[in-house]
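Letter by letter, the chains look like this.
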Amino acid sequence: MRHFLIYTNVNKDVELKTTKKIQDYLQNKGVKVTILEEKGDWKENDRSGAERFASIPEDVDYLLVLGGDGTVLQAARETRKMEIPMIGVNLGTLGYLTEVEPANLFQALDRLLAGEYAIEGRMMLTGSVCSTEGQQEGWALNDIVITRRGILQIVRFDIYVNGQFLTTYNADGVIVTTPTGSTGYNLSAGGPIISPSAKLIMMTPVCSHSLNQRSIVFSPDDVIEIVIPEGREGRAQTVEVNFDGSHTIALRSGDRIRVEQSEKMTKFIQLNQVSFLEVLRKKMAD
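Residues numbered from 1 in each chain as written. Predicted model: local features only at pLDDT ≥ 70, side-chain atom pairs only at ≥ 80, totals over all residues. Heavy atoms only, no water.

Chemist: Could you clarify how one ought to interpret the packing of helix H1 (residues 17-27) against helix H4 (residues 105-113) in this entry?
Modeler: For any two helices packed against each other, one specifies the inter-axial angle together with the distance between the axes. Where H1 meets H4, the axes come as close as 11 Å, and the angle between the chain directions of the two elements is 40°. With respect to each other, H1 and H4 are oriented oblique. The chirality of how H1 crosses H4 is right-handed. Where H1 abuts H4, its residues Thr18, Lys21, Ile22, Tyr25 and Leu26 lie against Leu105, Phe106, Leu109, Asp110 and Leu113. Looking at the contact of H1 with H4 residue by residue, the classes come out as seven nonpolar, one polar and two charged. (Axes fitted to C-alpha atoms, helices over the stretch in contact; angles between N-to-C directions. Helix = DSSP H or I, 4+ residues; strand = E, 2+ residues; numbered from the N terminus. Parallel < 35°, antiparallel > 145°, perpendicular 65-115°, else oblique. Left-handed = near helix turned anticlockwise from the far one by under 90°. Contact = heavy atoms within 4.5 Å. Nonpolar A, V, L, I, M, F, W, Y, C, P; charged D, E, K, R; others polar.)

Chemist: I tried to follow the sheet that holds strand E11 (residues 201-206) on my own but got confused; where do I start?
Modeler: Strands belonging to one sheet form pairs held by backbone hydrogen bonds; the direction of such a pair is parallel or antiparallel. Pairing in this open sheet of six strands is antiparallel, and the strands run E12-E11-E10-E7-E14-E15 from one edge to the other. Across the chains shown, the open sheet's two edge strands, defined by having one partner strand only, are strand E12 (216-218) and strand E15 (246-252). Each strand axis lies, on average, 20° off the axis of its neighbour in the sheet, ignoring direction. (Pairing = 2+ DSSP bridges.)

Chemist: Which parts of the structure should I look at to understand unusual backbone geometry?
Modeler: Outside of glycine, negative phi angles account for most residues, and trans bonds account for most peptide bonds. Of note, Asn162 is a non-glycine position whose phi angle comes to about 55°, a positive value. Mapping Asn162 onto the fold places it in the loop between strand E8 (155-161) and strand E9 (164-171). In this structure Asn162 comes out as partly exposed when scored by relative accessible area, which is 46%. Here the phi dihedral of Cys207 falls at roughly 50°; this positive angle occurs in a residue that is not glycine. (Buried < 20%, exposed > 50% of the residue type's maximum accessible area, 1.4 Å probe, protein only.)

Spelled out as structure tokens, the structure:
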């Protein structure tokens, strides 16, 4: 018996109306259904997070995500160890990561049940933070962003790649992104758009205070380390790291974060043979 896990953003699917319609439709076709409601930020080291992950059945075949891009990112982090093939139902606005629109929902479910789909793997990032608070880790499908915290001031970021010093950014922040995340904050910061099927890591400064500092593209095997040094006149700098716009960790001078390709990937179910350029053109025209 096939098993669907429905991961629902309760703020976008009020009273679980769409979730229950899907549940009834699938169960009438003899499909097992489990419902998991999004409960805000999920952290690997939290007891509640561990219990929540343990509640996901091991025999799940498909992950159906109801919400917007933020919900898809949350689901990808939360289920990354299981690498369950997922597909998003767009209950949000832009929806770069959600393929199914509500009007085509049941047609999409029928195609899933008939096996009429392909699976595309997307790389993820692991961020290992070394700070005065100890060692912490986070994961991202889109991006890992380090930005200033507190008073408005330029922050200095020392960048190392594979253990070698590369450059210093004087900026409001630094974005380390996957190809999937290139259409997110990276795009707003002036970074290029990359096909999500590519395998690479890109780094983009946010509001750089130098005319010659632009995005840099690295191999997926490169390891990027961002060190927070002292600021001007020996002043302490305070910044924060967030993973896919969630799970925030505070850093200060002397702390660092190591970013590299994750051993896990996110598997997206593709029902339509639509090119990335077609999707991009449609989203940018909306």
